[in-house]
Amino acid sequence: MPDPATKTVAVVGGGITGISAALSLSGAGHTVHLFEALHELGGKIGETRLDGRTIPTGPDAFLARRPEVTDLAVSLGLADDLISPAAGSARIFRDGRLHPLPPNVLGVPATADVGATGLVSAAGVERARLDIDAADDRPDGDESVGDLVRRRLGDEVHEYLVDPLLGGINAGDSDRLSLEAGVPQLAVLRSKDPSLITAAANTLASAPANPGPVFHGITGGLNRLIERAQVELENRGVRIHLGDRATLQHAHGQWSVSNLPIDHVIVTTPAHITASLLTDIAPEAASVLASIDYSSVALGVLVLAPDTIDIDPSISGVLVPRLCGLHVTAVSFASHKWPALAPDGAQILRVSVGRRTDTRWAQLRDAEVVQVIRNDLSTIFDTIIPDGPASLTRWDRGLPQYDVNHSSKIADIDRATGSLPGLTLTGAWRNGLGLPACVAAGQLPLSTDL
Ligand SMILES: Cc1cc2nc3c(=O)[nH]c(=O)nc-3n(C[C@H](O)[C@H](O)[C@H](O)COP(=O)(O)OP(=O)(O)OC[C@H]3O[C@@H](n4cnc5c(N)ncnc54)[C@H](O)[C@@H]3O)c2cc1C
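This structure is a prediction, so every number in the text was calculated from the model and none was measured.

What counts, and where the lines are drawn
Residues numbered from 1 in each chain as written. Predicted model: local features only at pLDDT ≥ 70, side-chain atom pairs only at ≥ 80, totals over all residues. Helix = DSSP H or I, 4+ residues; strand = E, 2+ residues; numbered from the N terminus. Rg over C-alpha atoms; globule rule 2.2 N^0.38 Å. Buried ≥ 20, exposed ≤ 12 C-beta atoms within 10 Å, placed from the backbone. Near = placed C-beta within 6 Å. Nonpolar A, V, L, I, M, F, W, Y, C, P; charged D, E, K, R; others polar. Domains from an automatic or database assignment. Pairing = 2+ DSSP bridges. Core = buried A, V, L, I, M, F, W, Y, C linked by C-beta atoms within 7 Å. Contact = placed C-beta atoms within 7 Å. Axes fitted to C-alpha atoms, helices over the stretch in contact; angles between N-to-C directions. Parallel < 35°, antiparallel > 145°, perpendicular 65-115°, else oblique. Left-handed = near helix turned anticlockwise from the far one by under 90°.

Of the regular secondary structure elements, the chain holds 16 helices and 22 strands. Computed over the C-alpha atoms, the radius of gyration of the chain is 23 Å, within 12% of the 22 Å expected from 2.2 N^0.38 for a compact globule of 450 residues. Principal-axis analysis of the C-alpha atoms places the extent of the chain at approximately 75 × 55 × 45 Å. Residues classed as buried in the chain amount to 48% of the 450 residues present.

Shown next as structure tokens:
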């Protein structure tokens with residue numbers, strides 16, 4: 001006799017959120033079908049073969065201070081394969097030079113001496129100093145990161161320090177980015193002291209002396225996590241439907257996914273796709289989901305001969321403020337972070353192009369974008385970047401944007417689907433787009449609560 005508590009569950013979307021959900025549900029004994037539109041699992045976790053190497057085209061690391069991905073890797077037998085980047089020091093490009101960052105918490109300087117590195121002008125430093133004694137002007141609720149930082153520290157610190165750092169994470173616009181939903185750590189900082197500099201300084205002063213690595217990667221790349229998870233899912237009898245662009249039906253209280261009768265559906269696709277799946281079933285929720293904006297970015301991978309760029313190997317990457325006007329927003333030295341990628345000393349760069357406020361690249365063909373990247377790299381590093389192995393990955397609507405009203409949108413979606421038992425909507429658009437948040441999103445109380 002089947003256990004009545006055991007349900008037939010469909011997970012739509014085979015990215016890290018869907019994989020996490022399928023693992024969690026199959027672990028709880030449910031019969032699970034995992035639907036993925038493409039012919040392989042992983043979603044944004046992708047890689048390219050270039051110059052005989054395998055190089056990530058999406059995420060290459062995850063926050064180690066949250067446990068979810070580390071725990072998942074350990075549970076899949078990858079404990080000994082967790083590695084930390086060998087380089088972790090970033091630079092910001094301004095006025096033809098690369099500047100170190102002052103001590104900071106998510107870009108918020110922890111010192112009034114914010115001009116010491118040359119990144120901020122004397123006038124910008126004077127403006128930032130006002131933060132220390134300025135009256136408490138914290139609003140009760142949410143605001144944008146830009147509103148907070150411009151008000152307390154001035155435009156220059158915002159444009160050349162905080163926006164490059166935070167805007168770089170989601171290719172977003174920190175003048176629209178929700179403090180509470182998008183960068184909750186900064187909301188905590190704001191709650192600690194009216195002065196952001198004081199709050200950041202206190203945070204750094206109370207940090208443990210040896211906090212351990214900030215990021216983890218996996219030897220051989222994050223795709224190994226996906227491969228291991230797929231084997232584990234198959235061993236547990238999960239039916240993985242690859243190349244199946246799932247559709248949802250709901251009639252007389254019964255769900256079906258791609259015409260398969262299902263007790264419970266967990267949809268983990270990006271918000272605009274989830275919206276299209278629900279247009280006829282839950283139009284109100286679909287319209288709110290469709291209003292969650294996404295940024296499109298391109299990720300170029302370039303393999304350069306050793307020493308093409310004269311740069312210290314301790315530098316992990318360079319951030320490019322939007323006021324510089326370049327297409328490139330960030331350069332990550334993959335071969336500095338993960339030396340095993342380049343035993344021959346090659347310089348391997350992962351270069352991000354485009355942001356919410358700059359979609360110029362989207363009109364260009366791949367080869368043109370790569371040429372634009374080479375030109376921008378020549379400007380940033382003041383050296384000619386010769387032709388060589390390169391690849392380009394387009395992430396159309398790749399990164400969800402957490403705007404100031406994000407939490408109320410989520411509440412509206414939940415309200416609009418509250419009358420549809422058997423439906424769970426989750427994914428990178430909900431509670432954070434980093435990999436730990438996505439793994440957590442797949443582990444919602446689903447396993448026990450169906
Ligand atoms: C360039 C880039 C770099 C990043 N770097 C980092 C980083 O270093 N660290 C970090 O923590 N995060 C990073 N992120 C963010 C992180 O990778 C993503 O937020 C996360 O992988 C999203 O996972 P997901 O499963 O929610 O969605 P996705 O990975 O988008 O998966 C959704 C899946 O649903 C499938 N699908 C769509 N429609 C259907 C359908 N109808 N039926 C079935 N399947 C469907 C898609 O094909 C896709 O596989 C990065 C993102 C990008 C784009």
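Not every one of the 36 residues close to the ligand is listed here, only the nearest: Gly13, Gly15, Thr17, Gly43 and Pro59. Elements represented by at least two residues in the shell around the ligand include exactly helix H1 (16-27), strand E2 (31-36), strand E17 (294-304), strand E21 (390-400) and helix H15 (435-442). Its residues assigned to classes, the shell around the ligand comprises 20 nonpolar, twelve polar and four charged. Mapping the shell around the ligand onto the domain boundaries places at least three of its residues in each of domain 1 (8-45 + 62-83 + 217-292 + 403-449) and domain 3 (294-400).

What follows deals with the pairing of strand E8 (residues 97-100). As judged from the four bridges shared by strand E7 (residues 89-94) and E8, these two strands associate in the antiparallel manner. Each bridged residue has a counterpart across the sheet, and for Phe93 the counterpart in E8 is Leu98. Hairpin connection from E7 to E8: two residues lie between these consecutive antiparallel strands, with Asp95 at a positive phi of about 50 degrees.

Ranked by internal contacts, the top residues of the largest apolar core, which has 123 residues, are Val11 and Ala22. Those residues in contact with Val11 that sit more than four places away from it in its chain are Gly18, Ala21, Ala22, Val32, Leu34, Phe35, Ile266 and Thr268.

Assigned domains of the chain: these are domain 1 (8-45 + 62-83 + 217-292 + 403-449), domain 2 (101-205) and domain 3 (294-400). The distance between the C-alpha centroids of domain 2 and domain 3 comes to 26 Å. In this assembly, eleven residues from domain 2 lie in contact with 15 residues from domain 3. Its residues assigned to classes, the side of domain 2 that touches domain 3 comprises four nonpolar, four polar and three charged.

Remark: helix H11 (residues 283-290) packs on helix H14 (residues 406-417), axes separated minimally by 8 Å, with the N-to-C direction vectors making an angle of 160 degrees. Judged on the interaxial angle alone, H14 and H11 are roughly antiparallel. The handedness of the crossing between H11 and H14 is left-handed. Of H14, the residues touching H11 (which contributes Glu284, Ala285, Val288 and Leu289) are Lys409, Asp412, Ile413, Ala416 and Thr417. Partitioned by chemical class, the residues of the contact of H11 with H14 number five nonpolar, one polar and three charged.

In this structure, His272 sits in helix H10 (residues 271-278). For His272, the contacting residues outside a window of four places in its chain are Ala290, Tyr294 and Arg397.

Glancing now at the pairing of strand E20 (residues 347-353). Within E20, seven of the seven residues are buried, which leaves the element mostly enclosed by the surrounding structure. Here E20 shows no split at all, with Gln347, Leu349, Val351 and Val353 on one side and Ile348, Arg350 and Ser352 on the other all buried. Both E17 and E20 contribute to a ladder of seven bridges, which runs antiparallel. Each residue of the ladder has a partner; that of Leu302, found in E20, is Leu349. With five bridges connecting them, strand E19 (residues 328-333) and E20 associate as antiparallel partners. For Ala330, the partnering residue across the bridge sits in E20 and is Ser352.

A separate point is the sheet that holds strand E15 (residues 260-262). Spatially, the three strands line up as an open sheet ordered E13-E14-E15, and their pairing is antiparallel. At either margin of the open sheet sits one strand with a lone partner, and together these are strand E13 (248-251) and E15. Going across the sheet, the axis of each strand differs from the next one's by a mean of 30 degrees, ignoring polarity. Relative to E15, strand E14 (residues 254-257) runs antiparallel, the two sharing three bridges. In the strand pairing of E15, Val257 is matched with Leu260.

Bringing unusual backbone geometry into the picture now. Within the chain, Asp95 stands out as a residue other than glycine whose phi angle is a positive 50 degrees. Positionally, Asp95 belongs in the loop between E7 and E8. Not every positive phi belongs to a glycine, and Leu106 is a case in point at roughly 50 degrees.

Attention now goes to the environment of Ser258. Relative to the helices and strands, Ser258 is located in the loop between E14 and E15. Each C-alpha atom, one on Ser258 and one on Ile240, is 13 Å from the other, the two residues being 18 residues apart in sequence. Aside from chain neighbours lying at most four places away, what touches Ser258 is Phe35, Asp244, Ala246 and Thr247.

Turning our eyes to something else, we now look at H10. Buried residues dominate H10, accounting for six of its eight residues. Three or more residues of H10 are buried, namely Ala271, Ile273, Thr274, Ala275, Leu277 and Leu278. The inward-facing, buried residues of H10 contact E13, strand E16 (264-267), H11, E21 and strand E22 (423-425).

A separate point is the sheet that holds E16. Adjacent strands of a sheet pair through backbone hydrogen bonds, lying either parallel or antiparallel. The strand order across the open sheet built from five strands is E12-E2-E1-E16-E22, with neighbouring strands paired in parallel fashion. Because the sheet does not close on itself, it has two edges, and the strands there are strand E12 (239-242) and E22. For this sheet, the mean angle separating the axes of adjacent strands, direction not counted, is 15 degrees. Pairing analysis gives five bridges linking strand E1 (residues 8-12) to E2, with the strands arranged parallel. Along E2, the bridge assignment pairs Val11 with Leu34.

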